[in-house]
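Notes for the structure review
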Amino acid sequence: MSTEVVAVSAVSAEQQQSPSAPAQQNAVEKVNLLGMSRPQMEKFFEDMGEKKFRAGQVMKWIHQFFVTDFAEMTNISGKLREKLEKICEIKAPEVVHKNYSKDGTRKWVFRVGDGEGSLVETVLIPAEHRSGLRCTLCISSQVGCALDCSFCSTGKQGFQRDLNQAEIIGQLWMANYSYMEDVPVLERERSVTNVVMMGMGEPLLNYDAVLNSMRTMLDDFAYGMSKRRVTLSTSGVVPKIDQMVKDIDVALAISLHAPNDELRNKLVPINKKYPLEQLIAACKRYIEKDGNESSRKHVTIEYVMLDGVNDHPEHAQQMIKLLKNLPSKINLIPFNPFPHAPYGRSSRNRIISFQKTLSDAGFVCTIRQTRGDDIDAACGQLVGQVADRTRRAEQWKKKVAQQNEILRSQG
Ligand code: SF4
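This text gives an overview of the structure that appears in the document. Computed from a prediction, not measured in an experiment: that's the story for all the values here. (Residues numbered from 1 in each chain as written. Predicted model: local features only at pLDDT ≥ 70, side-chain atom pairs only at ≥ 80, totals over all residues.)

With that settled, the discussion passes to the overall build of the protein chain. Each helix and strand counted, the protein chain has 12 helices and 15 strands in total. Buried residues in the protein chain amount to 46% of all 411 residues. (Helix = DSSP H or I, 4+ residues; strand = E, 2+ residues; numbered from the N terminus. Buried ≥ 20, exposed ≤ 12 C-beta atoms within 10 Å, placed from the backbone.)

Here it is, written out as structure tokens:
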């Protein structure tokens with residue numbers, strides 16, 4: 001196997017702390033500047049008695065030149081650098097595994113938290129695009145997930161905790177740094193072109209940290225990414241979709257996976273709380289807010305293809321009906337089986353026929369290329385191998401076997 005598996009201790013294993021005011025510092029615990037948004041860092045500098053424009057300077061060093069040593073921040077006075085050195089740090093989560101696939105996909109497992117901590121995953125997928133090389137980073141927002149979607153390896157691990165801003169932005173920082181490590185500081189540039197908040201966890205259930213992190217992604221003093229190239233993917237937390245309308249302008253993706261409530265209740269249980277009618281209405285409100293903006297011209301619909309479960313011709317017809325008034329692009333995802341998975345991947349023919357039905361009805365419908373099979377690139381898989389933290393595996397196996405049986409008998 002060509003996969004390179006490397007154990008690395010790039011940075012300290014100590015807990016990544018949330019951005020906090022100077023009042024919360026103590027002699028031992030330094031303030032981690034990595035995850036702070038610009039308004040948070042401006043306040044931090046003002047509270048120190050410094051000019052707030054220092055925040056922009058420091059953010060550029062951190063997020064555009066990938067510098068962690070204050071001594072290298074040459075446009076900042078020696079006195080301030082010394083002060084920062086004493087009370088601050090710039091610290092990404094510890095990388096415990098990194099796998100680079102032969103197809104260019106890269107995957108990291110990060111340790112977050114104290115002691116043994118918890119593990120989260122980040123995947124980077126490079127792909128040729130008509131506009132050039134596109135490097136899409138899939139970022140995690142929580143350790144595990146409480147929503148327990150029946151086809152999801154992360155859901156199987158249960159929920160442990162939310163990631164803080166340093167842990168979320170740290171994934172983007174580290175992915176960029178992995179390409180720039182050996183490049184002289186002033187020649188470094190951003191390699192990641194696109195971000196999808198689609199890794200472990202439901203991002204809208206960690207709203208504030210995800211919102212501030214996405215603001216840093218868009219900020220010209222940090223990553224300066226286009227709002228079309230930052231996508232938040234949700235399983236359908238309807239009130240938070242409405243909150244996003246007020247707070248930020250990024251692309252929206254919905255993990256749909258089923259075209260009717262009965263099936264979706266089984267595959268994506270949050271559907272019982274926010275059924276399809278409410279979800280589709282929220283998507284429309286999101287688009288209608290600013291329909292001329294390119295980031296909000298459509299919603300991306302993610303649909304994982306599960307053999308014999310949601311891939312029948314009538315499911316495609318139900319999709320057409322469900323989405324007929326919602327500007328959307330549909331992305332069919334061949335299921336990536338994981339150990340004890342209750343489902344199989346739909347056949348290529350079944351996926352192509354599903355796509356044809358939707359395309360013939362006028363939808364833009366693509367099939368996601370499976371990437372990084374040799375490094376278990378699907379969400380939650382590698383963490384599941386590195387540490388199964390649920391102690392629920394046996395229980396879960398029985399439960400999904402029963403569910404699978406029911407779904408198959410209904411299919
Ligand atoms: S698919 Fe997403 S929301 Fe559902 S359990 Fe997995 S991580 Fe959570």
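The structure having been displayed, the exposition proceeds.
Under the 1.5 Å per step criterion, the end-to-end length of helix H5 (residues 207-218) is 17 Å for 12 residues, consistent within 8% with the ideal 16 Å. Among all positions in H5, only Ala-209, Val-210, Leu-211, Asn-212, Ser-213, Met-214, Thr-216 and Met-217 are buried. Looking at the buried positions of H5, the neighbouring elements they touch are strand S9 (159-162), helix H4 (165-180), strand S10 (194-197), strand S11 (230-234) and helix H6 (238-247). (Expected span 1.5 Å × (residues − 1). Contact = placed C-beta atoms within 7 Å.)

What follows is about the packing of H6 against helix H8 (residues 276-288). At a closest axis distance of 9 Å, the pairing of H6 and H8 adopts a crossing angle of 5°. Looking at the two axes, H6 sits roughly parallel to H8. Only Gln-278, Leu-279, Ala-282, Arg-285 and Tyr-286 of H8 make contact with H6, whose side of the interface consists of Val-238, Ile-241, Asp-242, Met-244 and Val-245. Across the contact of H6 with H8, the residue classes tally to 7 nonpolar, 1 polar and 2 charged. (Axes fitted to C-alpha atoms, helices over the stretch in contact; angles between N-to-C directions. Parallel < 35°, antiparallel > 145°, perpendicular 65-115°, else oblique. Nonpolar A, V, L, I, M, F, W, Y, C, P; charged D, E, K, R; others polar.)

Ranked by size, the top nonpolar core spans 105 residues in total, and within it Leu-137, Leu-172, Val-195 and Met-305 carry the most contacts. Tallying contributions element by element places H4 first for this core, with 7 residues. In this structure, this core is formed jointly by two domains, domain 1 (3-89) and domain 2 (94-403), each of which donates at least three residues. Leave out the neighbours within four places in its chain, and Val-195 touches Leu-137, Ile-139, Leu-172, Met-217, Met-225, Arg-229 and Val-230. (Core = buried A, V, L, I, M, F, W, Y, C linked by C-beta atoms within 7 Å. Domains from an automatic or database assignment.)

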